[in-house]
Amino acid sequence: MAYFGGNHSNSQVVFVVTTTTFVLASVFVAARIVSRFAILRSRAVDDWVMIAAWFIAFGLSFSIDYGTAKGLGRHDVDIPTEWLSALRKSEYAFTILYNPALMATKTSILIFYLRMSRNTQKVLRVASYATLALVNIAGVVLTFLNAFQCSPVSAAYDLQRTNNNSTCISIVTLYLASAPVNIITDLAILVLPIPVLTGMRLPQRQKTVLVVTFTLGIFVTIVDVVRIYYLQQAADDSEVAHTRLGSGTDFAYNASIALMWSAVEVNVGIICACIPTLKPLIKRILPSMITDRTRTNSGTDKGTSFSSPVRDDSNDVPHRMESIEIATGIQPLPQPQAGGDSEQQINMMDFLTTPADVGRSRQQQEMDMMDFLTTPDMDPSMIKRTQTQPTINRTNTAATDNTIYFGFVNMKRPRSMLKTKGMESFKYCAMVTILFFLWGFSYGLLNTLNFEISTIANQSTSQFLGLTTAYFGAYFFGAMTVGQVVLRRWGFKATFICGLCIYGTGTLMFWPSAVLLSFPGFIISNFVVGFGLSVLETAANPFLALCGPSEHAEFRLLLAQGVQAISSILSQLLAEKVLFSSVASDLSLIDVQWTYLAVALFTVILALFFYYMPLPEASDTDLQQQSEDLGIYRSQTVSFSFVKTKLPLIYTTLALAIAAQWAYVGAQEAMSAWFGQLLSSTTPVSGHLTLSMDNYVLVGHTTFAVGRFLFAPLCLIIAPRILLTFILLGCLIFSTLTFALSLNANGIAGPALVFFFFEGPVFPMVYAMGIRGLGRRTKVGAVYITAATSGGGAFQFVMWAVQQVDHKSVKYSYCVIVALFAFSLLFPAYLNLVPDARHQVDPAKLTGLPGASKRGSGGEGDGGDDRPDTPVRRMSRRFSVIFSKISPGGHGNGTRESQEVGIVEHRERQSWGTQGTGDGPQSPRSP
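Residues numbered from 1 in each chain as written. Predicted model: local features only at pLDDT ≥ 70, side-chain atom pairs only at ≥ 80, totals over all residues. Heavy atoms only, no water.

A.B. asks: Looking at this model, I keep getting lost on the overall build of the chain. Mind explaining?
C.D. replies: Across its full length, the chain holds 35 helices and 10 strands. Within the chain, buried positions represent 55% of all 927 residues. Excluding contacts between residues fewer than 6 apart, the proportion of contacts in the chain whose partners are at least 24 apart in sequence is 79%. When the accessible surface of the chain is totalled, it reaches about 38000 Å², and 63% of it is carbon and sulfur. (Helix = DSSP H or I, 4+ residues; strand = E, 2+ residues; numbered from the N terminus. Buried < 20%, exposed > 50% of the residue type's maximum accessible area, 1.4 Å probe, protein only. Contact = heavy atoms within 4.5 Å. Areas by Shrake-Rupley, 256 points an atom, 1.4 Å probe, with all protein chains shown as cover.)

Quick look at the structure:
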């Protein structure tokens, strides 16, 4: 710690840290040059780009070190006037060089990834190209913004040109606003190679070294976060945050630590980029550190012989596997054998890229995947494919036939989600419920955030409502585009990961919006967050409904949605009591960025978790067979007296479910948006509210969550369609009371809070019943019902229009909510009055046995349902009888689309005739 003129100075610390990290970076670059150029005599594009990055880092570090000699790190009073010109020029040079240094370093790493994944990993290549484009586009744009931060340009560094006629942007604000780009690319570079590395066929020790080597990049992310913290500290001074480079009070002192960490970020990035290429040099110095020599002892490292098991799906037909034969004297790659010798633990890419030493025996060759990372590429024209006949230990292979190997852990391969039950179903549903917690947390945080944004930025009512409209409007586009394609083509797990990536990007996009208080930025970030969550919901809701016994779908979905509601309450409490407690005085949202950064990092961890965690899937064939086992067929029709032609049953049910969901979400969000205004516009008799508006909102959301948890067990004893009728009638009644009663604010809050209670269970119940029985169209139905959530962005504006056009009160505009719930009642009325619809949506236990009794096709809707016969159940059946007597028609006949035996999971069929008494039919052989 140094002092000048009695004031603390950072100059010495900045100089020492910057110089030390640059010297270390220089050592690693030199070591890389020795490894690649001298030992291997190989030169690749990423090596030259790294050398360019080192030259730029030299200029960056030198500008900071030179600046410390001219006052950087000192208070203004301690800086001689004659130093100011040189100090300003050194600061300007730093701003010019920072982004190119990062761009060159990351470009070198990404080119290295492209070389590593050549002809092998398509996903890694595509992701690397996308990240490479983002890095270079952002780097070029930010470099030009820094270079032309002032008009005229010389005003940024020439004290003589600094006058009232020149205009400049705040460099600290620019760095804060661009921080998410660095974080996103840092996380992408960190995460991209991990799935590839953990899936390699390598001994445990070598694989651990590889993964640890690549994950050293996490230090760059940590340094970036530290740098942002000090930038924010510099921005706490309003002059520094909003004025030109170097012109704020004590700018040289306040910004010096942030500039130092910027140099550390660049230098540490160079170090981490060079480490994977140092193996040839380390082998010369410390060979025992990374070398795994092959051993001839049979049975060594049996647990790490395979990266994935060889499945035997045919009847004693030998597997034919491709191998590579090199025409230039390199021996063909030996075929892997279960429990084989260590010399067989070799990756195909290692064989292709490591020159063979013909003079050495095979036992002496070092088979290490890191050779691929540090040796020249082989000419693909020298490779030709041949067919070989491997010898496979079928006993050991069969033992692992139902496992998935991820390099560090073996996991049991999950069966179809339609076959799960008990603890197995609970395990998978509990994991996916984490996504519901994330969804609720984001929803609650954004609700509070949007209100605070409107207060700080003095936004109009239309702008405030526009933020919510952007969020819910994205649900339509996210579900109908990315969600639909990924879910139908790659399944539930891929949709989860894709949605998490988009959602995490959206949370980071909030960062520059908060720094700049930009309304368009908030609109975009809300849209991207909603887009990502819609992709998540497109898979998460049907996953919960399908993963387990069909008759408990509503129960599982209500519990998961209850967790979502609890998470929403917790995030609102966090926002109001912690994050926004000082907004009224500071009028800044910069502190909230750390919450969004934490959420973004959590999504990255969660995406990796879902990548490695085996999750059950359900094919369209499985879903169709389940539907047919429930006695629901695509050919079934339903007729109405006011329609001349018969309508397809499952599509009619789906269309009404979509309409009900769209109207319900619109009413729910309209209620939430205007509830506070309703209370404030109604003058209480006593002159004050019993609770604050914020607390009333929290109580309302709490009753909302209670409603979901309370109706979940009721679905196990009462037909969900009857419960849904009761719930929507409650919503209609209490929304009407809220609209019609002339009470004070405390009085009107009563029916409004009961209304919150009734509306809670609607979404999950409509969702579960809407997709039941759709067969191979189940995933498409889930997409459409998720897209119907976009109704939440429409009717807030309708209520506002009622208030503005007709000059009515907020309470009067609640007639819109009454109309929406009246419209939503069409769905439960259809389910109760049409026998085929009751048969489709009523829960029934699926036996999955050919010839077993299916759900009855009678009009009572309870056939095949073996739930306990209680008084409530008997009353439910009486209601069903009444509905059936006044319904317009009976069951239609349907036929199976599939010729398969009617069981859920066709891959796990058994010959039922060989069990029990032996007189049952025998199922055909599994294909």
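A.B. asks: What's the story with a nonpolar patch on the surface in this structure? I'm lost.
C.D. replies: Together, Phe437, Ile566, Leu570, Leu573 and Phe709 make up a nonpolar patch on the protein surface, roughly 390 Å² of accessible area in all. No other element matches helix 21 (residues 553–579), which puts 3 residues into the nonpolar patch. A relative accessible area of 35% places Phe437 in the partly exposed class. (Patch = residues over 30% accessible without salt bridge, like charges linked within 9 Å, V, L, I, M, F, W, Y side chains within 5 Å. Salt bridge = Lys/Arg side-chain N within 4 Å of Asp/Glu carboxyl O.)

A.B. asks: Honestly, helix 19 (residues 492–516) in this entry has me stumped. Any pointers?
C.D. replies: An α-helix turns once every 3.6 residues. As a result, residues three or four positions apart point the same way. Here helix 19 is 25 residues long and its end C-alpha atoms lie 37 Å apart, about the 36 Å a rise of 1.5 Å per residue gives. In terms of residue burial, helix 19 counts as a mostly covered element, since 19 of its 25 residues are buried. With its phi angle positive at about 50°, Leu517 sits one or two positions after the end of helix 19. (Expected span 1.5 Å × (residues − 1).)

A.B. asks: I tried to follow the state of the cysteines on my own but got confused; where do I start?
C.D. replies: Each disulfide is one covalent bond, formed between the sulfur atoms of two cysteines. Applying the stated criterion across every chain, the model contains 1 disulfide. Covalently, Cys150 is tied to Cys168 through a disulfide, its sulfur atoms 1.8 Å apart. Sign of the S-S torsion, about 115° for the bond between Cys150 and Cys168, identifies this disulfide as right-handed. Placement of Cys150 in strand 3 (residues 150–151) and of Cys168 in strand 4 (residues 167–168) is noted, with a sequence separation of 18 residues between them. Looking at Cys150, the relative accessible area reads 4%, which means it is buried. With no disulfide of its own, Cys429 has Cys547 as its nearest cysteine by sulfur position, at a separation of 4.3 Å. (Disulfide = S-S within 2.5 Å.)

A.B. asks: Which parts of the structure should I look at to understand the environment of Phe37?
C.D. replies: Note on placement: Phe37 falls in helix 1 (residues 11–39). It is 9.2 Å that separates the C-alpha atoms of Phe37 and Asp47, two residues lying 10 residues apart in sequence. Those residues in contact with Phe37 that lie beyond four places of it in its chain are Arg32, Ser42, Arg43, Asp47, Trp48 and Ile51.

A.B. asks: Hey, could you run me through the packing of helix 4 (residues 122–147) against helix 5 (residues 171–191) in this one?
C.D. replies: Two numbers describe a pair of packed helices, the interaxial angle and the distance between the axes. Their axes nearest at 10 Å, the elements helix 4 and helix 5 cross at an angle of 165°. In terms of their interaxial angle, helix 4 and helix 5 are classed as roughly antiparallel. Here helix 4 runs over helix 5; the crossing is left-handed. Mapping the contact onto sequence places Thr131, Leu134, Val135, Ala138, Leu142, Leu145 and Asn146 in helix 4 and Ile171, Leu174, Tyr175, Ser178, Val181, Ile184, Thr185, Ala188 and Ile189 in helix 5. Residues belonging to the contact of helix 4 with helix 5 are distributed by class as follows: 12 nonpolar, 4 polar and no charged. (Axes fitted to C-alpha atoms, helices over the stretch in contact; angles between N-to-C directions. Parallel < 35°, antiparallel > 145°, perpendicular 65-115°, else oblique. Left-handed = near helix turned anticlockwise from the far one by under 90°. Nonpolar A, V, L, I, M, F, W, Y, C, P; charged D, E, K, R; others polar.)

A.B. asks: What is the right way to look at unusual backbone geometry in this model?
C.D. replies: Comment: phi is negative for the bulk of residues other than glycine, and the bulk of peptide bonds are trans. For the peptide bond that leads from Ser151 to Pro152, omega is 0°, which places it in the cis range. Structurally, Pro152 is set in the loop between strand 3 and strand 4.

A.B. asks: What is the right way to read the packing of aromatic side chains from this model?
C.D. replies: Each aromatic ring pair is summarised here by two numbers: the centre-to-centre distance and the angle between the ring planes. Inspection of every chain in the model, using the stated rule, returns 41 aromatic pairs. Seen from their ring centres, Phe640 and Tyr830 are 6.2 Å apart, and the 40° between their planes marks the pair as tilted. Here Phe640, found in the loop between strand 9 (637–638) and strand 10 (647–648), pairs with Tyr830, found in helix 33 (residues 826–833); they are 190 residues apart in sequence, far enough to count as distant. Since its relative accessible area comes to 17%, Phe640 is described here as buried. One aromatic cluster is present, formed by Phe22, Trp54, Phe55, Phe58, Phe62 and Tyr66 through successive ring pairs. Stacked on the ring of Tyr175, the Lys or Arg Arg227 has its end atom at 5.5 Å from the ring centre. The positively charged end of Lys808 is found above the aromatic ring belonging to Tyr812, 5.0 Å away from the centroid. (Phe/Tyr/Trp six-rings, centres within 6.5 Å; stacked < 30°, edge-to-face > 60°. Lys NZ or Arg CZ within 6 Å of the ring centre and 35° of its normal.)

A.B. asks: Explain the environment of Glu554 to me, please; I cannot follow it from the model alone.
C.D. replies: Checked against the element boundaries, Glu554 lands in helix 21. Between the C-alpha atoms of Glu554 and Ala712, which are 158 residues apart in sequence, the distance is 7.1 Å. If we skip the residues at most four places from it in the chain, Glu554 touches Cys715, Pro720, Ala768, Met769, Arg772, Val841 and Pro843.

A.B. asks: What should I look at first to understand the side chain of Thr105 in this one?
C.D. replies: Mapped onto the fold, Thr105 is located in helix 3 (residues 84–116). Given the relative accessible area of 4%, Thr105 is considered buried. Polar side-chain contacts of Thr105 include one of 2.9 Å to the backbone oxygen of Ala101. The residues contacting Thr105, other than those within four sequence positions of it, are Met50, Ala53, Gly269 and Ile270. (Polar contact = N/O pair within 3.5 Å; in protein donor to acceptor, adjacent residues only side chain to side chain.)

A.B. asks: Explain the confidence of the model for the chain here, please?
C.D. replies: Predicted coordinates in regions of low pLDDT should not be interpreted in detail. In this model, the chain carries an average pLDDT of 76, and 71% of its residues clear a pLDDT of 70 or more. Within the chain, the element-level pLDDT minimum falls on strand 5 (residues 321–326), averaging 35, and the maximum on helix 30 (residues 778–787), averaging 95. When the criterion is pLDDT under 50, residues 238–242 qualifies, and its contacts beyond four places in sequence or with other chains add up to 12 contacts. Confidence over residues 899–927 falls short of pLDDT 50; this stretch has 56 contacts with residues more than four positions distant or in other chains. (pLDDT = per-residue confidence, 0-100.)

A.B. asks: I would appreciate a short explanation of the side chain of Ser824 in the present structure.
C.D. replies: Tracing the backbone through its elements, the reader meets Ser824 in helix 32 (residues 815–824). Once residues within four sequence positions are removed from consideration, Ser824 is found in contact with Ala660, Ala663, Tyr664 and Leu728.

A.B. asks: Would you explain the pattern of salt bridges in this entry?
C.D. replies: A side chain of one charge can pair with a side chain of the opposite charge when the charged atoms of the two come close. Enumeration according to the criterion identifies 9 salt bridges in this entry. Salt-bridge contacts for Asp186 lead to Lys106; the nearest nitrogen and oxygen are separated by 3.0 Å. You can see Asp186 sitting in helix 5 and its partner Lys106 sitting in helix 3, a full 80 residues away along the chain. On the basis of relative accessible area, Lys106 is assigned to the buried category, the value being 5%. Here Arg227 makes a salt bridge to Glu265, at a shortest N to O gap of 3.8 Å.

A.B. asks: Would you mind showing me how to read the nonpolar core here?
C.D. replies: Side chains of nonpolar character tend, in soluble globular proteins, to be buried together. Residues Phe496, Phe543 and Phe675 are the most contacted members of the largest nonpolar core, which totals 128 residues. Element by element, the count of residues in this core is highest for helix 25 (residues 649–681), at 16 residues. The contact partners of Phe543, leaving out residues within four places of it in the chain, are Met417, Tyr428, Val432, Phe492, Phe496, Leu615 and Pro616. (Core = buried A, V, L, I, M, F, W, Y, C linked by side-chain atoms within 4.5 Å.)

A.B. asks: Any chance you could explain helix 5 here in plain terms?
C.D. replies: Across its 21 residues, helix 5 extends 30 Å between first and last C-alpha, which sits within 8% of the 30 Å expected from 1.5 Å per residue. At Ser178, helix 5 shows its largest bend, some 40°, and a proline, Pro180, comes one to four positions later. The element helix 5 is extensively covered by neighbouring structure, given that 17 of its 21 residues are classed as buried. (Bend = angle between axes of the 7 residues up to and from the residue.)

A.B. asks: Where do I start with the packing of helix 17 (residues 422–456) against helix 20 (residues 519–546) in this structure?
C.D. replies: The contact between helix 17 and helix 20 brings their axes to 10 Å, and the two run at 155°. Compared by their axis directions, helix 17 and helix 20 come out roughly antiparallel. As for how helix 17 packs across helix 20, the hand of that crossing is left-handed. Side by side, helix 17 and helix 20 meet where Tyr428, Cys429, Val432, Thr433, Leu435, Phe436, Trp439, Ser442, Leu446, Asn450 and Ile453 of the first sit next to Phe522, Asn526, Val529, Leu533, Leu536, Glu537, Ala540, Asn541, Phe543 and Leu544 of the second. Residue composition of the contact of helix 17 with helix 20, grouped by class: 15 nonpolar, 5 polar and 1 charged.

A.B. asks: Just to check I follow, could you spell out the environment of Ala705 for this structure?
C.D. replies: Structurally, Ala705 can be placed in helix 26 (residues 693–714). With 140 residues separating them along the chain, Ala705 and Ala565 place their C-alpha atoms 5.2 Å apart. Beyond its immediate sequence surroundings of up to four residues, Ala705 is in contact with Ala565, Ile566 and Ile569.

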